[in-house]
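Observations on the three-dimensional arrangement
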Amino acid sequence: MGQRHLSVAVVDDHPLFRQGVVSILESKSIFASILEGANADDAARLARLHLPDLMLLDLDMPGGGMQALKRVRDVSPDTKCVLLTVCDTPGSAIKALNEGARGYILKGVGVEELCGALTTVLDEGTFVSPAFATTLLRAAQVRNALSTGGDVALTQREVQVLRALEAGDTNKEIASRLSISEKTVKFYMTNIMQKFGVKNRVAAVMAFQRMYGAREATAHQPRI
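A brief report on the enclosed structure follows. Just so it is clear, the model here is predicted, and its values are computed rather than measured. (Residues numbered from 1 in each chain as written. Predicted model: local features only at pLDDT ≥ 70, side-chain atom pairs only at ≥ 80, totals over all residues. Heavy atoms only, no water.)

**Remarks on empty space enclosed by the protein**
Selection rule: Using protein atoms alone on a 1 Å grid, points that fit a 1.4 Å probe yet trap it form a cavity, whereas open point sets bounded by protein on both sides within 12 Å along at least five of seven lines form a pocket; residues with an atom within 4 Å of a point count as lining. Grid points are joined across faces, edges and corners, and a volume is the space filled by probe spheres set on the points. Helix and strand assignments come from DSSP, with helices taken as H or I runs of at least 4 residues and strands as E runs of at least 2, each series counted from the N terminus. Under the scheme applied here, ten amino acids are nonpolar (Ala, Val, Leu, Ile, Met, Phe, Trp, Tyr, Cys and Pro), four are charged (Asp, Glu, Lys and Arg), and all others, including Gly, are polar.
Summed over all chains, the structure comprises two cavities of 30 Å³ or more. Computed from the structure, the second largest cavity encloses a volume of approximately 30 Å³. Lining the second largest cavity, in full, are V10, V11, D12, F17, L56, L57, D58 and L84. Breaking the lining of the second largest cavity down by element, the ones donating at least two residues are β1 (7–11) and β3 (54–57). When the residues that make up the lining of the second largest cavity are grouped by side-chain class, the tally is six nonpolar, no polar and two charged.

As structure tokens, then:
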């Protein structure tokens, strides 16, 4: 990346975190101008008035980071947007990248990795936190399988567990219903969450419903 008069906007509603990021960027002398904001309205205003080269957006800011991303893209298409967030849900990352984000960075990132990521984005690349990349790739593969008519490979027993979860059953109730141990239910849940790239039961059921749809899920449903 050559020497340019680059500008960046850091938009996050937590002043301590935002100021910390600003201090890091100032110390690295990557940007000639650093702007600050705290919400989606600030993001849109800064984009409209200053047309920054890069904007860092918190996903959970007031007004919503995803909405901020869309608004910035509308008023300043050349601004490269990066989500800097604690949210490690694959669906959120995929949605952000599909909406035009050039990066998705988890807030646990180190200083050098953050600066390297921003340099990559400024040089027309895309960056996703390496620790998150495997999970994201797995989720993307699942979505691609669905869009091309493929299936997420769930066993009959995993489908039974998911359908019981849809009905609101606890692990104990699922174990009783399927005549298996609670430990075995937990084992199936671990496999299911890994396959869908999610971290909790609710997200697993939502992924099952979203990716298969009611008709396909019913077609796979065994009688229990």
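Don't stop here, the text continues.
**Digging into the pattern of salt bridges**
Note that side chains of opposite charge can pair when their charged atoms are close. Just so we agree on the cut-off: Salt bridge criterion: a side-chain nitrogen from Lys or Arg within 4 Å of a carboxyl oxygen from Asp or Glu.
Counted under the stated rule, the structure contains twelve salt bridges. Where R18 meets E36, a salt bridge forms, and the shortest distance between an N and an O atom there is 2.9 Å. Placement of the pair is R18 in helix α1 (residues 15–28) and E36 in strand β2 (residues 33–37), with a sequence separation of 18 residues. K70 is the partner of E99 in a salt bridge, and the nearest nitrogen-oxygen pair spans 3.9 Å.

**Here's the deal with the packing of helix α7 (residues 156–166) against helix α9 (residues 182–196)**
Filter applied, for reference: An axis is simply a line fitted to the C-alpha atoms; with a helix, the fit covers only the stretch in contact. Between two such axes, the angle follows the N-to-C directions and lies from 0 to 180 degrees. Each angle is binned into one of four classes, with values under 35 degrees roughly parallel, values over 145 roughly antiparallel, values of 65 to 115 roughly perpendicular, and all other values oblique. Here, two residues are considered to be in contact whenever any of their heavy atoms come within 4.5 Å of each other.
Taken N-terminus to C-terminus, the directions of α7 and α9 make an angle of 90 degrees; their axes are 10 Å apart at the nearest point. With respect to their mutual orientation, α7 and α9 come out roughly perpendicular. Note on element contacts: α9 touches α7 through Y188, M189, N191, I192, K195 and F196, opposite R157, E158, V161, L162 and L165. When the residues that make up the contact of α7 with α9 are grouped by side-chain class, the tally is seven nonpolar, one polar and three charged.

**Examining the side chain of S76**
Looking at the secondary structure, you find S76 in the loop between α3 (65–75) and β4 (80–85). With residues near it in sequence (within four places) discarded, S76 still touches A47 and L51.

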